[in-house]
Amino acid sequence: MANQRAEDHAAQERLKIKSTGLMKKIMKRYYFQAKMAHWLRKKVAWITSGGPVEPLLAMNVIPIYPENHGAMIGATKMGGALCETSEAMGYSRDLCSYARADIACSIVKGGPIGGLPRPDFLVCCNNICGTVIKWYEIQARFYQVPLFIFDTPFNHAEMSPAAKRYVQRQMQEYIEFLERVCRKKFNEAKFQEVGLRSIQAQRLWQQVLDCCAHQPAPMSAFDAFFHLALIVTLRGTKVVIDYYSQLLDEMRQRIEQNISAVPNEKVRLLWDNIPIWYRTRWLSDKFSQHNACLVADTYTSAWSGVVHLIDENHLLDSMAVAYSSIHLNVSIDQMFQKIAALAQKYHVDGVVMHSNRSCKPYSFGQYDLQNMITQRLNLPVLIIEADMADERNFSESQIETRIDAFMEIFE
Ligand code: SF4
């Protein structure tokens, strides 16, 4: 009995990704430094997850991502209570749960880290959605700090030359804004350094994700959701390059040693939309019970998906175009092309879509995508309805029944 327990424990330990501990330490240090920013004589800027962060780092500003904080709130199951607080303030339950939780957090200083550090200014890029504009306006009024809005036109097809000029001009205005609020000249040399590191980090992150094309996959999308935090929060810094280099080595070793995320991988699936943060473990176990591994997703790949558009010799201009071309700022046809490419690259057998009550730009159009995937790719699609951070919108019995029924297709 004791021997069996020891063997089970050893098997569990073998499956664990060893870099995880380091990642937690880096994130703790990042938030600690951000909270101490004013002691360190640094400014703090809140920025949307798809916003151009590299100019901030070049100005020695600490970027903070309320959406990453929203994911932490979701993962710690604090979303429901915080959302209720904002609803009591008059915000509709139909609004994004990241926005609701963040607005409430500023008032009650709640959440897993007792609220975010006070911002000196805000940077909002609407390449992910329109909600962020109102959300950041509310926070700019609350903290009485300046707000820069970087407006990216939606890409129905190819980005027009006029649209490119429009976003490139805004990049210049963004630099002028930073010079005003930081009261110093923009550091071109540092920006070049940060920009090149950001490109390198995005390429490394893509290489980590690419390891999952191997059959069986050395990690699952649920692991990728966790390891994503650094490319979101710290891209452009050296620590990210070191971390993803280590993670990539670990993934390659796992492939060599035949260590897979799901020990008896038989079905390979693709995930669409933001994770259901408070249920990632439950979902991972649920799919594993069916010997199914989520080997790819449209979410984590968004932070490396436009790196090919960045020209190292024209960083500012090309970044403006790249940031305007991310997954949520493109048409359904382009989203489908991305899903089709991922399905082929990672050899998937089916697609799981999270119809996310919070995130309209990600979720509107999923039923059209479902039709396109089943008709053109001949892949089955499961749609589950939930919310990324508000756990009140998750029905375990309903979702369990749907997953079980879907998995019967592969038996
Ligand atoms: S609506 Fe979606 S894209 Fe917009 S902030 Fe919320 S989660 Fe992010």
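Residues numbered from 1 in each chain as written. Predicted model: local features only at pLDDT ≥ 70, side-chain atom pairs only at ≥ 80, totals over all residues. Heavy atoms only, no water.

Right, let's get into the overall build of the protein. Counting its regular elements, the protein contains 18 helices and 8 strands. In terms of overall dimensions, the protein is globule-like: its C-alpha atoms have a radius of gyration of 21 Å, near the 22 Å expected for 411 residues. Taking the principal axes of the C-alpha coordinates as reference, the protein spans close to 65 × 45 × 40 Å. Within the protein, the proportion of its 411 residues that are buried is 55%. Long-range contacts, defined as pairs at least 24 residues apart, comprise 79% of the intrachain contacts of the protein with a sequence gap of at least 6. Roughly 17,900 Å² of accessible area belongs to the protein as shown, and the carbon and sulfur atoms make up 52% of that amount. Between the centroid of the 45 positive side chains of the protein and the centroid of its 43 negative side chains there is a distance of 7 Å. (Helix = DSSP H or I, 4+ residues; strand = E, 2+ residues; numbered from the N terminus. Rg over C-alpha atoms; globule rule 2.2 N^0.38 Å. Buried < 20%, exposed > 50% of the residue type's maximum accessible area, 1.4 Å probe, protein only. Contact = heavy atoms within 4.5 Å. Areas by Shrake-Rupley, 256 points an atom, 1.4 Å probe, with all protein chains shown as cover. Lys, Arg positive; Asp, Glu negative; His and termini not counted. Charge placed at Lys NZ, Arg CZ, Asp CG, Glu CD.)

A separate point is the environment of F121. Within the element layout of this structure, F121 appears in strand β3 (residues 121-125). Residues F121 and A45 lie 76 residues apart in sequence; the distance between their C-alpha atoms is 5.1 Å. Discounting residues that sit within four places of it in the chain, F121 has contacts with K43, V44, A45, W46, L56, V61, V145, P146, F177, L178, V181 and C182.

With that settled, the discussion passes to the packing of helix α15 (residues 332-345) against helix α17 (residues 366-377). Two packed helices can be described by the angle between their axes and the distance between those axes. Running from N to C, α15 and α17 point in directions that differ by 45°, and their axes come no closer than 10 Å. Classified by the angle between their axes, α15 and α17 sit oblique to one another. Considering only the axes of α15 and α17, their crossing is right-handed. Contacts from I332, D333, M335, F336, I339, A340 and A343 of α15 reach α17 at L369, M372, I373, R376 and L377. (Axes fitted to C-alpha atoms, helices over the stretch in contact; angles between N-to-C directions. Parallel < 35°, antiparallel > 145°, perpendicular 65-115°, else oblique. Left-handed = near helix turned anticlockwise from the far one by under 90°.)

Right, let's get into the side chain of T298. Here T298 shows up in the loop between β6 (292-297) and α14 (315-323). Judged by relative accessible area, T298 falls into the buried class, the value being 0%. A polar side-chain atom of T298 sits 2.7 Å from a polar atom in the side chain of D272. Look past the residues within four positions of T298 in its chain and what remains in contact with it is L270, W271, D272, N273, H327, K338, I339, L342 and Y362. (Polar contact = N/O pair within 3.5 Å; in protein donor to acceptor, adjacent residues only side chain to side chain.)

All residues adjacent to the ligand are E67, C96, Y98, I128, C129, V132, W135, I274, L328, S358, C359 and M388. Among the residues making up the shell around the ligand, the classes are represented as 10 nonpolar, 1 polar and 1 charged. (Near = heavy atom within 4 Å. Nonpolar A, V, L, I, M, F, W, Y, C, P; charged D, E, K, R; others polar.)

Now for helix α8 (residues 161-182). With 22 residues, α8 should reach 32 Å at 1.5 Å per residue; the first-to-last C-alpha distance of 32 Å fits that figure. In this structure, the buried residues of α8 make contact with β1 (44-47), α3 (54-58), β3, β4 (147-150) and α14. With its phi angle positive at about 55°, R183 sits one or two positions after the end of α8. (Expected span 1.5 Å × (residues − 1).)

This part is about the pairing of β3. Working note: regular strand, side chains alternate between the two faces of the sheet. Of all the 5 residues making up β3, 5 are buried; the element is thus mostly covered by neighbouring parts of the structure. Of the two faces of β3, both are covered, the one formed by F121, V123 and C125 as well as the one formed by L122 and C124. The sheet contact formed by β1 and β3 spans 3 bridges and is parallel. Bridge pairing in β3 places W46 opposite L122. (Pairing = 2+ DSSP bridges.)

In this structure, L56, F121 and F287 are the most contacted members of the largest nonpolar core, which totals 142 residues. It is α8 that provides the largest number of residues to this core, a total of 9 residues. Dropping the residues within four chain positions of it, F287 is found in contact with F222, L269, A292, L294, V352, I403 and M407. If you look at the next biggest cluster of nonpolar residues, it comprises 5 residues, including I73, L82, A101 and C105. (Core = buried A, V, L, I, M, F, W, Y, C linked by side-chain atoms within 4.5 Å.)

For the rest of this paragraph, the subject is the state of the cysteines. A covalent bond between the sulfur atoms of two cysteines is referred to as a disulfide. The full count for this structure, using the stated rule, is 0 disulfides. Looking at C125, it has no disulfide partner, and the nearest cysteine sulfur is the one in C124, 7.2 Å off. (Disulfide = S-S within 2.5 Å.)

Quick look at the side chain of S363 now. Looking at the element boundaries, S363 is found in helix α16 (residues 360-363). A distance of 3.1 Å separates the side chain of S363 from the side chain of N273, its partner in a polar contact. For S363, the residues in contact, after removing those within four places along its chain, are N273, H354, S355 and N356.

Across the sheet, which stays open at both edges, the 4 strands sit in the order β6-β5-β7-β8 with parallel pairing between neighbours. Two strands bound the open sheet, and with one partner strand each, they are β6 and β8 (381-386). The average angle at which neighbouring strand axes cross in this sheet is 30°, direction not considered. Note that strand β5 (residues 267-272) and β6 share 5 bridges and pair parallel. Residue pairing across strands places W271 opposite D297, the latter belonging to β6. In this fold helix α13 (residues 280-289) packs onto β5, β6, β7 (350-356) and β8, with an angle of close to 125° to the strand it touches most, β6. Set on the sheet, α15 makes contact with β5, β6 and β7; between it and β5 the angle comes to about 155°.

Counted under the stated rule, the structure contains 21 aromatic pairs. Consider the rings of F150 and Y174, whose centres lie 6.4 Å apart with planes at 85°: the pair is edge-to-face. With a gap of 24 residues between them, F150 in strand β4 and Y174 in helix α8 connect regions that are remote in the sequence. The pair F150 / Y174 is uniform in exposure class, with both members buried. Among the aromatic residues, ring-to-ring pairing joins F222, F225, W271, W277, Y299 and W303 into one connected group. (Phe/Tyr/Trp six-rings, centres within 6.5 Å; stacked < 30°, edge-to-face > 60°.)

So, about a nonpolar patch on the surface. A cluster of nonpolar side chains, contributed by M89, I107, V108 and F142, occupies part of the molecular surface with about 340 Å² of accessible area. Along the polypeptide, V108 turns up in helix α6 (residues 97-108). (Patch = residues over 30% accessible without salt bridge, like charges linked within 9 Å, V, L, I, M, F, W, Y side chains within 5 Å. Salt bridge = Lys/Arg side-chain N within 4 Å of Asp/Glu carboxyl O.)

Everything listed here is a matter of coordinates, which is why it stays silent on function.
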